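# Examination of the molecular architecture
Each chain, letter by letter, is given below.
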Amino acid sequence: MVRVRLRNPDRVEQVDGPMTVGELLDHLDVNPTTVLVIAGGELVTADAELDEGTEVEIRPVISGGAGAPRCVVCRAPAVIEEPRHRAAWCPTHFVDHVHNQVRKAIDHPLAGRPRERMCSYDDHLLVAVSGGKDSLALWDVLLTLGYRVDGLYIGLGIGGYSRRSQQICEEFAAARGARLHVVDLAETYGYSTPSGARATTRSACGVCGLSKRYVFNKVAVDHGYDVVATGHNLDDEAATLLGNLLRWHDDFLARQRPVLPATGANQVRKVKPLYRLSEREMAAYCVIRGIDYVVEECPLVDGNTGHEHKEMLNAVERSAPGAKAQFLFGFLDRADAFAEESRTGDDPVLGACGQCGMPTVGETCAFCRQRERILSTLPVLATAPAVSSSAVSSSAVSSNADAACDDLPTGSSHR
Ligand code: SF4
Ligand SMILES: [Zn+2]
Ligand SMILES: [Zn+2]
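Description of the structure in this document. Quantities reported herein were computed from a predicted structural model and do not represent experimental measurements.

## Observations regarding the coordination of the zinc ion (ligand 3)
The coordination sphere of the zinc ion (ligand 3) contains the protein donors C353 (SG), C356 (SG), C365 (SG) and C368 (SG), at a distance range of 2.2 to 2.4 Å. Around the zinc ion (ligand 3) sit 4 donor atoms, and with donor-metal-donor angles ranging over 105 to 116 degrees the site reads as tetrahedral. According to the relative accessible area criterion, C353 is buried, its value standing at 4%.

Now the structure itself:
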């Protein structure tokens, strides 16, 4: 056994060894950044091995002790800690922290790139909302910070999941007197995500992602918005980065940015103001702000490589708090080099789609081609036996229902 003396308040625990200090703290549910660990009279780090018979002291280093951290701003009891920031906050100051991180993302998206400021108070923003925590939190933050921002919900036709998501978005908008655009994929374009996936060889997420990207841009262009904002958070972006690096998707790496400027007519800027904030921070923000969101995942998410990448990164984060942010921010600091390396010649010239007028490098845009394929096959499928949801599932990237449902930007490993 390892004998553990926890201080302030004092108690003694006997824990089965051997184990590392990190495992011990994990077992005791103690935040490593709030304590010192002393074994044999010496300070030890999280990776130190504790053999049977070792005596360990766990000494809190912030006022209030390991079990009751205090807000770094006002010293009131904290409700959330972030080892990455080596900080804890009361509800009020946690909300300030989230707002500050979004301000920082908007005003200084990448060091030394002032032209890539996400948006200004003159812009009219459209936030893509799915009913999940990230996009609704983003809408709330942007409204609170005083931006002119409306919402866009796309009805994907995924049964009760879509109905609940739409209802939550409508309630959110109504409670704040905000404008919400609703586009129903089936009513407007003749297919839903499940029927579109049945009609093509693409995954449900592939059909869905292309449709959403198209509709976000189309609605923004049609209604004169300057910017489309999506709720991708730090975990989403780091997982996408890992997936793109593991497969060396140079072209995706070159475009994985918090700001994607419009490069031609009928295109709007796309921004990710939550890229500095973790999934956990966004969930906490919703709870503190009383934002109701869809907790369940889209039923078409399956075989989820993004989820695996998130788990890998979480394992690293656990032993090295801040590693995930360093991974993503370090990449973004070097993003220009990736963009330069992947450049193989002149950038493709964007023209207008012959069918819908939206930007494309060919004669017909990918969305119109996909839609044509789906609509030509659907009447045949209508006479065939129905396919269950699970049979049309795909290899979506994220277990985060919101990220899966906000937007699948070019450069995402979501497919
Ligand atoms: S997981 Fe997201 S992208 Fe995939 S089908 Fe569901 S809503 Fe669409
Ligand atoms: Zn406080
Ligand atoms: Zn088109």
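## A look at the pairing of strand β10 (residues 124–128)
Summarising burial for β10: 5 of the 5 residues are buried, a large majority. Burial along β10 is two-sided: H124, L126 and A128 facing one way and L125 and V127 facing the other are all buried. Bridge analysis of β10 against strand β11 (residues 148–155) gives 5 bridges, and the strand direction is parallel. Bridge pairing links L125 to V149 in β11. Handedness of the crossover joining β10 and β11 through helix α3 (residues 133–144) is recorded here as right-handed. In the sheet, β10 pairs with strand β13 (residues 227–229) via 3 bridges, with the strands oriented parallel. Note on β13: the bridge partner recorded for L126 is V228.

## Quick look at helix α11 (residues 305–319)
The terminal C-alpha atoms of α11 lie 22 Å apart, and with 15 residues this matches the ideal 21 Å at 1.5 Å per residue to within 8%. For α11, the complete set of buried residues consists of G306, H309, K310, L313 and E317. The arc that holds the buried residues of α11, viewed along the axis, is 100 degrees, so those residues lie on one side. Away from its buried face by more than 90 degrees, α11 exposes R318 and S319. In this fold, the buried residues of α11 make contact with α8 (234–246), α10 (279–289) and α12 (323–333).

## Notes on the nonpolar core
Ranked by internal contacts, the top residues of the largest apolar core, which has 85 residues, are L136, W139 and Y285. If one sorts the elements of this core by residue count, helix α7 (residues 204–222) sits on top with 8 residues. Ignoring any residue separated from it by four or fewer positions in sequence, one finds Y285 in contact with F94, V95, V98, H99, A137, D140, V141 and I291. V4, L6, M19 and I58 belong to the second largest nonpolar core, which has 16 residues in total.

Parameters and conventions
- Residues numbered from 1 in each chain as written.
- Chains lettered and ligands numbered in written order.
- Predicted model: local features only at pLDDT ≥ 70, side-chain atom pairs only at ≥ 80, totals over all residues.
- Heavy atoms only, no water.
- Donors = N, O, S within 2.8 Å, 3.2 Å for Na, K, Ca; no water.
- Tetrahedral: all angles 85-135°; square planar, octahedral: opposite > 155°, others 65-115°.
- Buried < 20%, exposed > 50% of the residue type's maximum accessible area, 1.4 Å probe, protein only.
- Helix = DSSP H or I, 4+ residues; strand = E, 2+ residues; numbered from the N terminus.
- Pairing = 2+ DSSP bridges.
- Right-handed = clockwise from strand over helix to strand, strands pointing away.
- Expected span 1.5 Å × (residues − 1).
- Arc of directions from axis to C-beta.
- Contact = heavy atoms within 4.5 Å.
- Core = buried A, V, L, I, M, F, W, Y, C linked by side-chain atoms within 4.5 Å.

Scope: geometric values only; no functional claims are made or implied.
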